[in-house]
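As a plain string of letters, each chain reads:
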Amino acid sequence: MTLSDVLTIAIALMVTYTMMSLLASTLQEQLSAVLSKRQKGLEAAIRGLIAPEGGEDGRLREIAEQLYGHALVSGPSPKGKPSYVPARNFTLALLTLISEGSQAESIVGLREAVGKLPEGKLRQALGTLVESAGTDLDAFRTSVDGWYNQAMDRLNGQYTRHTQVWLLGIGFLLAASLNVDTFTIVDTLMKSPQLRAEYEVKAQAWVKEGQPKPGEAPISRILSDLAPLPIGWQQCAAPVPPAPPAGAGAAASDSTAPTHCVSWERLGRGDLRLSDALTVFGWIFTAVAISFGAPFWFQLLNQLVNMRAAGPKPDAKDDKAKT
């Protein structure tokens, strides 16, 4: 097998992982929407800035409740549960509430309002920011924007880690339910130049269209592009035939059938084989790949396709001869 064949197999794997990651991300986003993960996380983060751990002071709890119900924060959400709040909206709503309904025209009024807040992290944070702003009201508002954005950065980091764990779990369920075994796919691609060429064309199409986002690529297309691969339980419905005799001819060596396969029918009979463990490891490998996310694999796919298209540089002598 040449280096070009290895590169084509890698491109086919990148296409597979990109499509599987898109499918997993779509399911993860739908599950998060049902469970309101983003909305609950944002609410907890905003309330935590005002009254950490629930806050023992009634005034802080009141500010937190009023802030989250403020029109600039809740927005047009019918249930008052936004999934995103701009920093300046948060700042204006908060400063209006701590100044008890009217935005002060100068920083002096806000400094007095901050000084009247109950002891706690809110007073400490705003007090530090208002003192560092001096007499510049806009600088104070910008500092509060930054304080809020830092909290959102921490929230995004937590959500990213949470998403990666969910993608790993969803990825394994998808790999097992669809029987997406990386080792079987590689084995089949090594034996089938036609399949490698088909997925090289698919890779070029995906790269030309640009990076897809979760939910934008139709699931029907993803499943259709995955169909030529040796995935799905129908590939293993029949028992694995015994190895042909040595003199059976070269036809057996040209077969693109997987070298290891697992079927529900065989497992139901209790016919377990060592190759079954390899299949499970193939599912795990696929799940780990899915957890990296579609953007990672698409970027790598883009680089490989460009490398494949570039090919070897023409010889300088040949160029002179043509001229």
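From a predicted model like this one, the values you see are computed outputs, not experimental measurements.

The rules we used
- Numbering of residues starts from 1 in each chain and follows the order in which that chain's sequence is written.
- Owing to the predicted nature of the model, reporting of local features is limited to residues with pLDDT of at least 70; listing and counting of side-chain atom pairs is limited to 80 or more, with chain, interface and lining totals taken over all residues.
- Water and hydrogen atoms were dropped before computing side-chain values, which therefore reflect all heavy atoms in the structure.
- Per the convention used, a helix needs a DSSP run of H or I reaching at least four residues, while a strand needs a run of E reaching at least two, with both numbered from the N terminus.
- Summary of the burial criterion: residues with accessible area below 20% of their type's maximum are buried, those above 50% are exposed, and those between are partly exposed, where the area comes from a 1.4 Å probe applied to protein chains only.
- Throughout, the Shrake-Rupley method with a 1.4 Å probe supplies accessible areas, and for residues the shown protein chains are the sole cover considered.
- Whenever a helix is involved, its axis is fitted only over the stretch in contact; in every case the axis is a line through C-alpha atoms, and angles between N-to-C directions fall within 0 to 180 degrees.
- Every angle not falling under 35 degrees, over 145, or within 65 to 115 is termed oblique; those three ranges are roughly parallel, roughly antiparallel and roughly perpendicular.
- Should the near helix be turned counterclockwise from the far one by less than a right angle, the crossing is left-handed, whereas a clockwise turn marks it as right-handed.
- A contact between two residues is defined here by any heavy atoms of the two lying within 4.5 Å.
- Gly counts as polar in this scheme, as do all residues outside two lists: the nonpolar Ala, Val, Leu, Ile, Met, Phe, Trp, Tyr, Cys and Pro, and the charged Asp, Glu, Lys and Arg.
- What counts as a salt bridge is simple: a side-chain nitrogen of Lys or Arg found within 4 Å of a carboxyl oxygen of Asp or Glu.
- Working definition: rings of Phe, Tyr and Trp (its six-membered ring) pair if their centres are within 6.5 Å, and the pair is stacked with planes under 30 degrees apart, edge-to-face with planes over 60 apart, and tilted otherwise.
- Cation placement over rings: the criterion is NZ of Lys or CZ of Arg within 6 Å of the ring centroid and within 35° of the ring normal.

**Details of the overall build of the protein chain**
Here comes step 1: If you tally the helices and strands in the protein chain, you get 15 helices and zero strands.
Here comes step 2: Counting all 323 residues of the protein chain, 40% fall into the buried class.
Here comes step 3: Total accessible area on the protein chain stands at roughly 17900 Å², and carbon and sulfur atoms take up 59% of it.

**A closer look at the packing of helix 1 (residues 3-35) against helix 11 (residues 219-226)**
In helix packing, the relevant descriptors are the interaxial angle and the interaxial distance, both defined with respect to the helix axes.
Here comes step 1: With their axes 10 Å apart at the nearest point, helix 1 and helix 11 run at an angle of 150° to one another. Taken together, the axes of helix 1 and helix 11 are roughly antiparallel relative to one another. Here helix 1 runs over helix 11; the crossing is left-handed. Between helix 1 and helix 11, the residues in contact are Thr16, Met19, Met20, Leu22, Leu23 and Thr26 and Ile219, Ile222, Leu223, Asp225 and Leu226, respectively.
Here comes step 2: Its residues assigned to classes, the contact of helix 1 with helix 11 shows eight nonpolar, two polar and one charged.

**What to know about the pattern of salt bridges**
Here comes step 1: All chains considered together, the criterion is met by nine salt bridges.
Here comes step 2: Taking the shortest distance from any N to any O, the salt bridge between Arg196 and Asp5 comes out at 3.5 Å. Of the two residues, Arg196 is situated in helix 10 (residues 193-209) and Asp5 in helix 1; the sequence distance between them amounts to 191 residues.
Here comes step 3: Across the salt bridge formed by Lys191 and Asp187, the nearest N and O atoms sit 3.6 Å from each other. With Lys191 and Asp187 both in helix 9 (residues 182-191) and four residues apart, the pair spans about one turn of that helix.
Here comes step 4: Looking at Lys191, the relative accessible area reads 29%, which means it is partly exposed.
Here comes step 5: Shared partners join several salt bridges into a network, and the residues in it are Glu43, Arg47 and Glu65.

**What about the packing of aromatic side chains?**
Here comes step 1: Applying the stated criterion across every chain, the model contains eight aromatic pairs.
Here comes step 2: Aromatic pair Phe183 and Phe285: ring centres 5.8 Å apart, planes at 50°, arrangement tilted. Of the two residues, Phe183 sits in helix 9 while Phe285 sits in helix 13 (residues 274-291), which places them 102 residues apart along the sequence.
Here comes step 3: Judged by its relative accessible area of 29%, Phe183 is partly exposed.
Here comes step 4: The exposure class of Phe285 is partly exposed, given its relative accessible area of 45%.
Here comes step 5: Seen from their ring centres, Phe296 and Trp297 are 4.9 Å apart, and the 80° between their planes marks the pair as edge-to-face.
Here comes step 6: Among the residues examined, Phe296 registers a relative accessible area of 39% and is labelled partly exposed.
Here comes step 7: Chaining the aromatic ring pairs together yields one cluster made of Tyr17, Phe292, Phe296 and Trp297.
Here comes step 8: Above the face of the Tyr199 ring, Lys202 is positioned so that its terminal group lies 5.7 Å from the ring centre.

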